[in-house]
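Spelled out, the chains give:
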Amino acid sequence: MKPVKAYDLIIIGAGPAGIFTALELADKGLKILMVEKGQDIRERIVTSRNKNAPAKDKMRNVVCGWGGAGAFSDGKLTLTTEFGGNLDDYMSKADLTEKINYVDDTYCLFGGAERKVYGDEHTELIRELQRKATAADLRLIPARIRHLGTDVNAEILTNMRDFLEGKVDIMADTAVEHIVAKEDEIKGVIIGGQLYSCRYLVSAPGREGSEWFMEEAEKLGIQLTSNAVDIGVRVEMPAEVLESITDVIYESKLVYFSRSFDDRVRTFCMTPLISLLKKIMTACLR
């Protein structure tokens, strides 16, 4: 099949991995194409604010589009090596810390510099909480968090998108059908039944595209490994129970290993919602 267009690099997916790949390589003299299954960022923002948007568009907008599934999240950048997966299996803690700081600097460059970093204060109180947790067979892991907020997060993603305008070809609302390889060499991707050729390919389709990517990887003979699956339970508690922690640490993890089977149980995204609502209501009454 003759290609309709040739690129040095094609990036599948415009989530964080795809965006940062494009940001890193946009000024390297490469001809780059980004392909995103969901809407572009400005269209995503319009859809998210439109109460009359079709249900299918709203549902798709949650997990697809420029910025990925976290585009309209609370926008918390976790600036610690203790959270967020197993990247330290592939690099040293020092290298990982350097990468985390680099990502934070990039977010600051595109509009996050004025957002507060939590976790640099109350060091003695944090140590006291850690001592109490240890006495209860728990491990308390505090985190440094840069809280961007939903609106600023979307603004930063828009700034990144604008920076790449004219430097990278971007196809939104477009799904890659297949990855094309021949004799263990990437040749390109099929979009709309046509071949877009490339020398290099970065496939980062995110959770929404994971099943598609798994099928494509199997066709290419790539060996797959399954990651651990966490089972989550949402627990709501009165603010008074946890505010001694949440008033000191914006977000923390409490880790417990069961005595019988050494199962690991941890908190995730501890959010002082009720405490926050109380403060808002108090401010309004004033």
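Residues numbered from 1 in each chain as written. Predicted model: local features only at pLDDT ≥ 70, side-chain atom pairs only at ≥ 80, totals over all residues. Heavy atoms only, no water.

- The protein is annotated in an unreviewed UniProt entry as FAD dependent oxidoreductase from Anaeroglobus geminatus F0357.

## Observations regarding a nonpolar patch on the surface
Next, step 1: Together, Val233, Val235, Met237 and Val241 make up an exposed nonpolar region whose accessible area comes to about 390 Å².
Next, step 2: According to the relative accessible area criterion, valine 233 is exposed, its value standing at 70%. (Patch = residues over 30% accessible without salt bridge, like charges linked within 9 Å, V, L, I, M, F, W, Y side chains within 5 Å. Areas by Shrake-Rupley, 256 points an atom, 1.4 Å probe, with all protein chains shown as cover. Salt bridge = Lys/Arg side-chain N within 4 Å of Asp/Glu carboxyl O. Buried < 20%, exposed > 50% of the residue type's maximum accessible area, 1.4 Å probe, protein only.)

## A word on the sheet that holds strand E9 (residues 185–191)
Next, step 1: The strand order across the open sheet formed by six strands is E7-E2-E1-E10-E9-E8, and the pairing between neighbours is mixed. The sheet is open, and its two borders are formed by strand E7 (169–171) and strand E8 (178–182), each paired with just one other strand. Strand-to-strand twist across the sheet, computed as the mean angle between neighbouring axes with direction ignored, equals 40 degrees.
Next, step 2: Pairing between strand E1 (residues 5–12) and strand E2 (residues 32–35): four bridges, direction parallel. From the neighbouring strand, isoleucine 11 faces E2, where its bridge partner is methionine 34.
Next, step 3: Seen against the sheet, helix H7 (residues 210–219) touches E1, E8 and strand E10 (194–203) and runs at an angle of roughly 15 degrees to E8. (Pairing = 2+ DSSP bridges. Helix = DSSP H or I, 4+ residues; strand = E, 2+ residues; numbered from the N terminus. Axes fitted to C-alpha atoms, helices over the stretch in contact; angles between N-to-C directions. Contact = heavy atoms within 4.5 Å.)

## Overview of the environment of glycine 206
Next, step 1: Checked against the element boundaries, glycine 206 lands in the loop between E10 and H7.
Next, step 2: The sequence separation of glycine 206 and proline 16 amounts to 190 residues, and the corresponding C-alpha distance is 9.1 Å.

## Digging into the environment of lysine 37
Next, step 1: Within the secondary structure, lysine 37 is located in the loop between E2 and helix H2 (41–49).
Next, step 2: According to the relative accessible area criterion, lysine 37 is partly exposed, its value standing at 41%.
Next, step 3: Once the C-alpha coordinates of lysine 37 and threonine 174 are considered, the two residues, 137 residues apart in sequence, prove to be 4.6 Å apart.
Next, step 4: Once you skip the residues sitting within four places of it in the chain, lysine 37 turns out to touch Arg60, Cys64, Asp173, Thr174, Ala175 and Glu208.
Next, step 5: Polar contacts involving the side chain of lysine 37 include one to the side chain of glutamate 208, which spans 3.0 Å. (Polar contact = N/O pair within 3.5 Å; in protein donor to acceptor, adjacent residues only side chain to side chain.)

## Some details on the pattern of salt bridges
Pairing between side chains of opposite charge can happen when their charged atoms approach one another.
Next, step 1: Going through the model one piece at a time under the given rule, you end up with 22 salt bridges.
Next, step 2: When salt bridges with common partners are traced through the structure, they connect Glu82, Asp88, Lys93 and Arg139 into a single cluster.

## Quick look at the UniProt feature "domain: FAD-dependent oxidoreductase 2 FAD-binding" (unreviewed entry) in the protein
Next, step 1: Feature annotation in UniProt assigns "domain: FAD-dependent oxidoreductase 2 FAD-binding" (unreviewed entry) to the following positions: residues 8–46.
Next, step 2: As a span, residues 8–46 carries 41% helix and 23% strand, and end to end its C-alpha atoms are 33 Å apart. (UniProt positions renumbered as here; feature names shortened; annotations may be inferred.)

## Let's talk about unusual backbone geometry
Next, step 1: Not every positive phi belongs to a glycine, and histidine 122 is a case in point at roughly 55 degrees.
Next, step 2: Tracing the chain through its elements places histidine 122 in the loop between strand E4 (117–118) and helix H5 (123–135).
Next, step 3: Here aspartate 262, not a glycine, exhibits a phi torsion of approximately 60 degrees, which is positive.
Next, step 4: Relative to the assigned elements, aspartate 262 resides in the loop between strand E11 (252–257) and strand E12 (264–266).
Next, step 5: We classify aspartate 262 as exposed; its relative accessible area is 52%.

## A closer look at the sheet that holds strand E3 (residues 76–78)
Next, step 1: With respect to topology, three strands assemble into an open sheet ordered E3-E6-E4, the strand pairing being antiparallel. Looking at strand neighbours, the two that pair on one side only are E3 and E4, the edges of this open sheet.
Next, step 2: Sheet analysis places E3 next to strand E6 (residues 145–147), joined by three bridges and oriented antiparallel. Bridging from a neighbouring strand, lysine 76 pairs with histidine 147 of E6.

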